[in-house]
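Structural description and commentary
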Amino acid sequence: MRLSSDSLSHRLGANLADNSVVCLMAPTASGKTALAYELYDSGRYELISVDSALVYREMNIGTAKPTATELARYPHHLVDIIDPMQSYSVAEFVSDVARLIDDCHKNSKIPLLVGGTMMYYMALLDGLSPIPDSDDAVRARVEQWRQDEGISALYEYLGKIDPISHQRLKASDTQRITRAIEVYLQTDIPLSDWQQKPKQALAHNPNQQWHALSVMPDRPWLHERIEQRLDIMWAEGLVYEVIGLLERYPLTPSLPSMRCVGYRQVLEYLVHINHPVFEQPHLDKAQFYEAFAETKVSNTEKVKQGITAQNEMTQAHLSKVDSQTEALACQQMQNKALYATRQLAKRQYTWLRKVIQLPNTSSGVALASDLGSATNASVDNNVTIKAFTTMAQVREYLY
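Residues numbered from 1 in each chain as written. Predicted model: local features only at pLDDT ≥ 70, side-chain atom pairs only at ≥ 80, totals over all residues. Heavy atoms only, no water.

Right, let's talk about the overall build of the protein chain for a bit. When helices and strands are tallied, the protein chain shows 17 helices and 7 strands. Taking all 399 residues of the protein chain together, the buried fraction comes to 47%. Of the contacts made within the protein chain by residues no fewer than 6 positions apart, 76% connect residues no fewer than 24 positions apart. Just so you have it, the protein chain exposes about 19700 Å², and 49% of that area is on carbon and sulfur atoms. (Helix = DSSP H or I, 4+ residues; strand = E, 2+ residues; numbered from the N terminus. Buried < 20%, exposed > 50% of the residue type's maximum accessible area, 1.4 Å probe, protein only. Contact = heavy atoms within 4.5 Å. Areas by Shrake-Rupley, 256 points an atom, 1.4 Å probe, with all protein chains shown as cover.)

Its location among the elements puts Cys 23 in strand β1 (residues 20-25). We classify Cys 23 as buried; its relative accessible area is 0%. Residues Cys 23 and Leu 112, spaced 89 residues apart in sequence, show a C-alpha to C-alpha distance of 5.9 Å. Those residues in contact with Cys 23 that lie beyond four places of it in its chain are Leu 113, Tyr 121, Trp 210, His 211, Ala 212 and Leu 213.

Moving on, we come to the pairing of strand β4 (residues 110-115). Along β4, 6 of the 6 residues are buried, which leaves the element largely enclosed by surrounding structure. Judged by which residues are buried, β4 turns out to be covered on both faces: Ile 110, Leu 112 and Val 114 on one side and Pro 111, Leu 113 and Gly 115 on the other are all buried. Summarising the sheet, β1 and β4 pair through 4 bridges and their orientation is parallel. Directly across from Val 22, in β4, lies its bridge partner Leu 112. (Pairing = 2+ DSSP bridges.)

Let us look at helix α17 (residues 391-398). Taken as a whole, α17 has its buried residues at Met 391, Gln 393, Val 394 and Leu 398. Taken down its axis, α17 places every buried residue within 155° of arc, on the same side. Residues of α17 that are exposed and point more than 90 degrees away from the buried face comprise Ala 392 and Glu 396. On its buried face, α17 sits against β1, α2 (32-41), β2 (45-49), β5 (209-215) and β7 (383-388). (Arc of directions from axis to C-beta.)

A word on the side chain of Ser 49. You can see Ser 49 is positioned in strand β2. Residues contacting Ser 49, with those up to four places away along its chain left out, are Leu 54, His 77, Leu 78, Val 79, Phe 93 and Val 114.

Our next topic: the pattern of salt bridges. Per the stated rule, a full pass over the model turns up 13 salt bridges. As a salt-bridge pair, Asp 96 and Arg 99 come within 3.5 Å of each other at their nearest N and O atoms. With a gap of 3 residues between them, Asp 96 and Arg 99 both fall in helix α4 (residues 90-106), about one helical turn apart. A relative accessible area of 18% places Asp 96 in the buried class. The exposure class assigned to Arg 99 is partly exposed, which follows from its relative accessible area of 42%. (Salt bridge = Lys/Arg side-chain N within 4 Å of Asp/Glu carboxyl O.)

Among the nonpolar cores identified, the biggest contains 75 residues, and Leu 246 and Leu 270 are the most heavily contacted of them. Sequence-distant contacts of Leu 246, that is, excluding residues within four places in its chain, are made with Leu 251, Leu 267, Leu 270, Val 277, Phe 278, His 282, Leu 283 and Phe 288. Membership of the second largest hydrophobic core comes to 20 residues, among which are Ala 36, Tyr 37, Tyr 74 and Leu 112. (Core = buried A, V, L, I, M, F, W, Y, C linked by side-chain atoms within 4.5 Å.)

Let us look at the environment of Cys 260. In this structure, Cys 260 sits in the loop between α12 (238-248) and α13 (263-272). Since its relative accessible area comes to 14%, Cys 260 is described here as buried. Counting along the chain gives 81 residues from Cys 260 to Thr 341, while the straight-line C-alpha distance between them is 9.9 Å. When neighbours within four sequence positions are excluded, Cys 260 is seen to be in contact with Ala 53, Tyr 56 and Met 59.

Right, let's talk about unusual backbone geometry for a bit. Its identity as a non-glycine residue notwithstanding, Ala 29 has a phi of 65°, on the positive side. Of note, Ala 29 is situated in the loop between β1 and α2. The exposure class of Ala 29 is buried, given its relative accessible area of 3%. A positive phi angle is found at Ala 64, which is not glycine, with a value near 55°. As for its position among the elements, Ala 64 is in the loop between β2 and α3 (68-73).

Laid out in structure tokens, this is it:
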């Protein structure tokens, strides 16, 4: 006899041990949320967000955050926990998840970790190097250095203090270059040396049973879903959400929150149409125009000249923006956001392959396009990794 949908819902996870931890890993727009809600309704699960964008308050549309009504019915841990001005490290995430897993098990619930930030999952499953958290004073010092002399000066310095990281990173990778220098200035030890130290992962806890469920759907299907989601975001007012954030917070384009896909492209659009929001006294207008200047600069003097030239060009040209030019800029923003989101999904696929090929897993795991059914690999006695192509397969596995 075929069970009804409601009956299935109440039995989801019935075959899992009480000390289980389930990771639902999949690219953006792949349908994770719907399955997570169904699992929550079964009564066995608590939801823990694994999304580096959902941590920010007031960033709702561009992050595809569940609505207030949905969050009331389906509570998520690690959603709306910091302001857009703040940062949230991978180490902080791991520490919070460790606490939340223990709390869930004490409440006789199975933690369901759901989201698309694959670096977070790798930290949980493969472990983190024991790199100290950033010191606020050191971070401010490095950021001021970057503003004064440009990222190229920091990249050159990195080559002297940490040649391995220098070779590994691109010269344009501002976030990782500044982090590597912060670590060295704080500890006198290169980041690459820290990364060689033994790692400890939450998933190695012998008292827990981890199920890492990787979903890699067909890419054309996913690309269509991504485009549909972005259309909804534009219709719901993503541009106005970003303007509101700029009006309320002293944001800069280098903040992690403003580097999120979608938000970055809206910022660039607002610069290109010379939006008056940048006249807010708490914003450094020059930083935004420098960040989206078309000409790359390589030293302090060129930076200063570039900012001046960009501002002069902006005032002379963009002050005359007409409706046709603005419409073109809007279309370019939407095209760039679509491309950036697809690139994000591509990177997520890469991370997912890393997960299913962690050391000590069985070899020969197929790529997403070749998977007709679930593929199993086991890291050790308490960690099981499975790869799927659809959420329906995950549902069947959990049932």
